[in-house]
Amino acid sequence: MRKLTGMIGAAVTLAVLSGCTVYDRAQSYATKPVVQDVKKGMTRQQVRDIAGPASTEITMVHARGTCQTYVLGERDGKLQTYFVSYSDTGRVMNYGFQSCKEYDTDPQVNQ
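Looking at an unreviewed UniProt entry, one finds the protein named Osmotically-inducible lipoprotein E (Activator of ntr-like gene) and attributed to Erwinia tasmaniensis.

Okay, structure coming up:
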């Protein structure tokens, strides 16, 4: 009985520790400057000072203004992106965890 209890305890300990290892390897994108510090109303230059140059920039088709995509990293073979959209006056209107292409979609398509 004592051996069985010891084996179960060891198995539980290994399971807990392996979960910690996986968590440590997972990168948190919430602490990236572009995610953490960019706010609505900022100028394009303020965003560049915080986040550096964007990976891509487009003029949006289905929304107003322009949009910049930042690549935050890679997870499971897929790029993790974050967009910042700007009004015609160059101020941040919106931002989020997707690319500009994904953000600038036709709202009529799924109706």
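Now that the structure has been shown, the text picks up again.
Attention shifts here to the sheet that holds strand S3 (residues 78-86). Read from one edge to the other, the open sheet built from 4 strands follows the order S1-S2-S3-S4, with strand pairing classed as antiparallel. Each having just a single partner strand, strand S1 (56-59) and strand S4 (92-96) make up the two edges of the open sheet. Each adjacent strand pair in this sheet contributes to an overall mean axis angle of 25°, direction not counted.

Below, the discussion takes up the state of the cysteines. Across all of its chains, the model carries 1 disulfide by this definition. In this model, Cys67 is linked to Cys100 through a disulfide, with the two sulfur atoms separated by 2.1 Å. Measuring handedness by torsion sign, the sulfur bridge of Cys67 and Cys100 sits at about -85° and is left-handed. You can see Cys67 sitting in strand S2 (residues 66-75) and its partner Cys100 sitting in helix H4 (residues 100-103), a full 33 residues away along the chain.

Rules behind the numbers
- Residues numbered from 1 in each chain as written.
- Predicted model: local features only at pLDDT ≥ 70, side-chain atom pairs only at ≥ 80, totals over all residues.
- Heavy atoms only, no water.
- Pairing = 2+ DSSP bridges.
- Helix = DSSP H or I, 4+ residues; strand = E, 2+ residues; numbered from the N terminus.
- Axes fitted to C-alpha atoms, helices over the stretch in contact; angles between N-to-C directions.
- Disulfide = S-S within 2.5 Å.

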